[in-house]
Every structure is written in C-alpha cells, then in structure tokens.
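Descriptive analysis of the structure
Here is how the chains run, residue by residue.
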Amino acid sequence: MSATQPNILFFLPDQHRPDWLGVNPDLPLRTPNLDRLTESGVRFVNAYTPSPLCAPARACLASGWDYERCRVPSNRENYPLDLPTYYQRLRDAGYRVAGVGKFDLHKDLAAAKADLDWHLDGSRLLDEWGFTEGIDTEGKMDGSAAYRAAGRPKGPYLHFLHQRGLAEVYVQEHAESGQHRNAYVTALPDDAYCDNWIAENGLRFLRDFPEDRPWHLVINFTGPHGPMDVTQRMHDAWEDVTFPMPLENTQPRYSAEDHQRNRQHYAAMIENIDRQVGRFIDAVRERGELDRTLIIYASDHGEMLGDHNRWGKATWYAPSSGIPLIAAGPGIREGVTSEALVSLHDLTATFLDDAGIDPLPVPPSGSLHDRWVSRSLRDLLEGRTDRHREVVVSGLGDWRMIVDGRYKLVVDKGDSGTSLLLYDLEEDPHEFTNVAEAHPEVVRRLRRALEAATSDTGF
C-alpha cells in the first residue's frame with residue numbers, strides 16, 4: 001500500500017440535518033462516536049449541500065460538479081453514465097472501491113417500473129459507476145414502491161427481508177405510514193432493520209479488504225430519512241426524552257405528541273447510525289490502519305422536522321440545505337470547529353487530492369465549464385488556511401440560494417415571477433425575516449455573484 005494514498009472511510013446517511021449532533025448543547029442527543037470524531041478532527045459548521053434532494057446531491061458528489069452542471073436536476077433523472085466519477089478515478093489508481101447502502105444514482109421516478117430495480121445482489125450499475133464491489137440497495141420508500149409494483153423484491157434489502165419472511169410486513173408498514181406524521185415502531189427485529197443490515201454488509205467488505213492496497217468504502221445509510229420508523233429497542237431508549245418543539249410550526253394536524261414522537265424517532269435513528277460508525281472505526285483500528293485512514297461523516301442534505309411548517313428537504317432553509325460535515329485522519333487538525341464555507345461536492349476533490357490523483361476531466365459533452373468546481377479541503381484540514389469559498393451556491397428547480405457567511409440570498413423564479421429573499425444569518429439565524437428591502441446593496445452583490453456562478457446554465 002502506498003504511504004501517500006490513505007484509505008477513505010466515508011459515512012453518508014440520508015437526511016441528517018446539521019444541528020442534530022451530540023455537540024449541540026440545545027438538544028438532548030447521544031452521538032458519542034461522532035463526538036469523538038469531532039474531537040479528533042475538524043467539524044464544519046457552514047457546510048451546505050449543492051442541492052437539497054437525494055439524486056442531485058449525490059450526483060454532485062460523484063462527479064464533483066455543482067447542481068447547475070451535474071445533469072441530474074431532480075429525482076426524475078438517472079446519473080449520466082458518460083459523466084466521470086471520482087469512484088472511477090480511485091479505482092483506476094489502484095484503490096479497492098466499495099460501497100453499501102442507498103447510492104441513489106439511478107432513481108428515475110418518471111420511469112419507475114423500468115428503473116426501480118437494483119438487482120437482488122445490488123450490483124446493477126456498480127461497475128459503470130466505478131466500484132470494485134458493493135451493494136446498492138433500495139431507499140425506504142423506493143423499495144416498498146418497487147415491491148408493490150412487481151409483487152416481488154427488486155433489490156437486495158427487500159430480497160433479504162423476503163428470505164426472512166418479513167418483506168410483506170415491511171411494505172405494509174410503509175403503505176400505512178406518512179413519512180413524518182405517523183412515526184411508528186416497526187415489527188422488524190433489530191438485526192433486520194435496514195441501517196443495521198447495511199452496516200453488517202459494510203463491515204464484511206471492510207474486514208476482507210487486502211492489506212497491501214488502499215481502499216475506499218462509502219456507507220450510505222437509509223436513515224434518518226422518513227418514514228420515522230424505529231425498532232422497539234430504539235423507541236424504548238427515547239420515549240421519555242423531551243425535545244424542543246419545531247420553530248414556527250402552525251400546522252393544526254400535528255399535535256405536540258406527533259412532534260415529540262417524530263423527534264424521538266429521528267434522534268433514535270441518528271443514535272443508531274452513530275453506534276454503527278463506532279463499529280466501523282473499531283474495525284479499522286483492529287486492522288491497524290487508523291493512522292492512515294481518512295474518515296468523513298456527512299449527509300446528502302438535511303431535514304426540516306416541522307420547522308417553518310415544512311417537512312423533509314427540497315427547500316433553502318438551513319435545516320434542509322445545511323449538512324453535518326466532520327473529517328478526521330492523517331494530517332488533519334484535531335478538535336477544530338471551522339466556519340469556512342464548504343460544499344458537499346468539495347469532498348470529491350478532497351478524496352482525489354489525498355490519493356494524489358488529478359481532478360476529474362471535463363466530460364466530452366462540452367456543455368460544462370472548463371474549470372472543475374469541486375475544491376479540495378486539504379489546506380483547511382491541515383491548517384494552512386481558514387478560508388475556502390467566498391460564497392456557496394445551492395439550488396433545486398426554480399430557485400437558487402447563495403450564502404456568503406453572513407447573508408443568504410434566495411432567488412426564486414416561480415410561476416408568479418421572480419422573488420428575492422435575503423436573510424441576515426448573524427441577526428436571524430433561523431431565517432424568519434426577509435431583509436431584502438433593507439439591504440439592496442447586499443442583494444445586488446450576491447445576485448451578481450450568483451449570476452456569475454450560473455451564467456452558462458440559463459438560470
């Protein structure tokens with residue numbers, strides 16, 4: 001194994017909002033392994049997703065391109081196979097490239113009957129994306145929808161449940177649940193719970209990696225995405241914990257009990273993921289490779305959890321567009337909280353930089369900028385700088401968001417015309433008040449920066 005090529009252990013859960021970590025004193029959370037990872041590395045408190053939706057965010061990460069140029073504008077398109085991935089570059093450089101869980105790189109819901117098929121071993125497009133091995137599994141709702149449409153499993157997790165005689169139970173639970181309001185206790189035993197099944201398979205790959213070759217392993221947990229389903233054990237551990245209520249929620253159909261149950265189950269899913277993170281770190285330690293393994297914890301986007309009367313993601317508010325991002329490993333500063341502006345797809349360049357690999361080439365379509373937009377975090381992680389980007393841009397559909405650290409500008413080109421929202425994040429961190437009229441010079445400055453970032457894309 002090359003001394004200059006670290007292993008990469010990458011945790012990418014689905015829908016973990018940035019403030020729901022044990023280091024937040026305002027929430028009664030239990031994430032001891034992520035807390036220890038924070039103590040041994042750098043935590044970014046101004047990290048954003050390039051798009052707060054599963055397929056676009058993960059396409060940006062795989063390619064290193066931003067939302068404007070990743071060619072996956074929604075959950076109705078698949079990842080273009082002519083768009084190079086960082087997985088391919090690592091594999092070509094000799095890495096053992098593996099992944100387990102919800103990749104969400106083929107998710108064309110416009111052709112659900114044709115495309116919601118992962119193969120029963122989860123291998124459908126792994127080679128094309130650049131993986132040596134792995135298991136691409138169904139997301140929570142996609143797997144159930146595909147099972148109901150076909151009358152049989154279309155992916156590895158439902159196949160596993162089918163073999164255990166549990167598939168019909170799982171699918172029926174999803175059919176009866178709303179993604180948020182009806183948080184429930186699943187009938188599944190702990191060892192059949194999806195994130196636990198993902199972890200067991202990921203640990204199997206990790207333990208079998210050869211010791212003379214660098215490896216990359218991404219663990220794509222399906223939680224803490226809705227529906228808010230937890231096992232009986234997970235529920236019991238949180239049923240007496242009280243959480244702050246959502247900010248600015250006036251939805252009458254959600255009672256205080258509904259909100260508490262959602263938040264208890266969301267916390268339980270995060271605690272369960274944290275427990276699995278600890279198992280992986282222990283396994284790396286047992287291999288004697290902790291000192292040469294880059295460990296990253298992030299998320300594709302966040303979760304509104306009822307704040308501003310919203311649930312899920314797909315909006316510019318911080319709980320949706322922000323992400324947790326923690327990095328630890330060789331050469332990385334310890335116990336640092338960074339306020340630098342960073343994006344999820346900056347990890348793409350970081351992984352290649354650490355491996356000593358040149359950036360991804362511009363795809364042959366010629367429709368993209370000639371300058372790659374992902375930027376390595378290595379100088380930040382090692383302390384050679386405290387700054388990274390002047391602005392971060394995120395977007396989805398008809399809106400774009402640009403943040404400079406203090407201000408956030410949202411340009412929304414909806415059916416009723418273009419609207420401008422400006423939030424002062426220092427004075428109004430929860431984004432209650434639009435101050436665009438009070439700060440026209442800030443609006444002009446940020447709008448010019450946004451136009452420069454999107455000038456070739458037609459937004």
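Remember, it's a predicted structure, so these values are computed and weren't measured experimentally.

1. Notes on the overall build of the chain
A tally of regular secondary structure across the chain gives 15 helices and 16 strands. Its C-alpha atoms put the chain at 60 × 55 × 45 Å along the principal axes. Put simply, the chain has 459 residues, and 61% of those count as buried. Considering only residue pairs separated by 6 or more positions, the chain has 73% of its internal contacts joining residues 24 or more positions apart. Surface exposure of the chain reaches about 17300 Å², of which carbon and sulfur atoms provide 47%. Looking at the chain, you have 50 positive and 71 negative side-chain charges, and the mean spots of the two groups are 2 Å apart.

2. Section: the packing of aromatic side chains
With the rule as written, the count across this model stands at 20 aromatic pairs. Each ring, one from F11 and one from Y297, has its centre 6.5 Å from the other, and the planes form 40 degrees; the classification is tilted. Note that F11 is positioned in strand β1 (residues 7-11) and Y297 in strand β9 (residues 293-297), a separation of 286 residues in sequence. On the accessibility criterion, Y297 (0% relative accessible area) is buried. Centroid distance Y86 to F351: 5.2 Å. Interplanar angle 45 degrees. Geometry classified as tilted. Separated by 265 residues along the polypeptide, Y86 in helix α3 (residues 86-92) and F351 in helix α13 (residues 346-354) bring together distant segments of the chain. An identical accessibility class is assigned to Y86 and F351; each is buried. A cation over a ring is seen here: R30 above W238, with NZ or CZ 3.8 Å from the ring centre. Over the ring of F205 we find R204; its NZ or CZ atom is 4.8 Å from the centre of that ring.

3. Remarks on the sheet that holds strand β15 (residues 407-414)
Pairing within the open sheet is antiparallel, and its 4 strands lie in the order β13-β14-β15-β16. Taken across any chain shown, the strands that pair with only one partner, and hence form the sheet edges, are β13 (392-396) and β16 (417-424). Mean inter-strand twist for the sheet, computed between neighbouring axes without regard to direction, equals 15 degrees. Where strand β14 (residues 399-403) and β15 come together, 5 bridges link them in antiparallel fashion. The residue bridging W399 from the neighbouring strand is D412, located in β15. Strand contacts of helix α15 (residues 440-453): β13, β14, β15 and β16, with the helix running at about 65 degrees to β15, the strand carrying the most contacts.

4. A short note on the pattern of salt bridges
Across all of its chains, the model carries 31 salt bridges by this definition. A salt bridge links R30 to E271; its shortest N-O distance comes to 2.9 Å. In this pair, R30 sits in the loop between β1 and α1 (32-39) while E271 sits in helix α11 (residues 256-286), placing the two residues 241 residues apart along the sequence. Judged by its relative accessible area of 32%, R30 is partly exposed.

5. A look at helix α2 (residues 54-63)
Within α2, 10 of the 10 residues are buried, which leaves it mostly tucked inside the rest of the structure. Of all the residues in α2, the buried ones are C54, A55, P56, A57, R58, A59, C60, L61, A62 and S63. Looking at the buried positions of α2, the neighbouring elements they touch are β1, α3, β7 (215-220), α13 and β13. Directly beyond the C-terminal end of α2, a positive phi value near 85 degrees is found at G64.

6. Topic: the packing of helix α9 (residues 194-208) against α11
Relative orientation of the contacting elements α9 and α11 amounts to 10 degrees, with a least axis distance of 10 Å. On the basis of the axis angle, α9 is roughly parallel to α11. Judged by residue contacts, D195, N196, A199, E200, G202, L203 and L206 of α9 engage N272, I273, R275, Q276, R279, F280, A283 and V284 from α11. Looking at the contact of α9 with α11 residue by residue, the classes come out as 7 nonpolar, 4 polar and 4 charged.

7. A closer look at unusual backbone geometry
Note: most residues except glycine have negative phi, and most peptide bonds are trans. For the bond running from G223 to P224, omega is 0 degrees, close enough to zero to count as cis. Mapped onto the elements of the fold, P224 is located in the loop between β7 and β8 (229-230). For Q15, which is not a glycine, the phi torsion comes out positive at approximately 85 degrees. Structurally, Q15 is set in the loop between β1 and α1.

8. Topic: the sheet that holds strand β5 (residues 133-136)
Read from one edge of the open sheet, 8 strands run β5-β4-β7-β1-β9-β10-β2-β11, paired in mixed fashion. The sheet is open, and its two borders are formed by β5 and β11 (336-338), each paired with just one other strand. Here the average twist between neighbouring strands, direction ignored, is 15 degrees. Bridge analysis of β1 against β9 gives 5 bridges, and the strand direction is parallel. The partner of F11 across the bridge, within β9, is Y297. Contacts from α1 reach β2 (41-44), β9 and β10 (325-328) within the one sheet, and its direction differs from that of β2 by about 105 degrees.

9. A closer look at the pairing of strand β4 (residues 96-101)
Counted residue by residue, β4 has 6 buried out of 6 residues, so it is predominantly covered. As paired strands, β4 and β7 are joined by 6 bridges and run parallel to one another. The residue of β7 that forms the bridge with R96 is W215. Of the strand pairs in this sheet, β4 and β5 are connected by 4 bridges, and their pairing is parallel. Paired with G99 across the bridge in β5 is G134.

Thresholds, definitions, all that
- Residues numbered from 1 in each chain as written.
- Predicted model: local features only at pLDDT ≥ 70, side-chain atom pairs only at ≥ 80, totals over all residues.
- Heavy atoms only, no water.
- Helix = DSSP H or I, 4+ residues; strand = E, 2+ residues; numbered from the N terminus.
- Buried < 20%, exposed > 50% of the residue type's maximum accessible area, 1.4 Å probe, protein only.
- Contact = heavy atoms within 4.5 Å.
- Areas by Shrake-Rupley, 256 points an atom, 1.4 Å probe, with all protein chains shown as cover.
- Lys, Arg positive; Asp, Glu negative; His and termini not counted.
- Charge placed at Lys NZ, Arg CZ, Asp CG, Glu CD.
- Phe/Tyr/Trp six-rings, centres within 6.5 Å; stacked < 30°, edge-to-face > 60°.
- Lys NZ or Arg CZ within 6 Å of the ring centre and 35° of its normal.
- Pairing = 2+ DSSP bridges.
- Axes fitted to C-alpha atoms, helices over the stretch in contact; angles between N-to-C directions.
- Salt bridge = Lys/Arg side-chain N within 4 Å of Asp/Glu carboxyl O.
- Parallel < 35°, antiparallel > 145°, perpendicular 65-115°, else oblique.
- Nonpolar A, V, L, I, M, F, W, Y, C, P; charged D, E, K, R; others polar.

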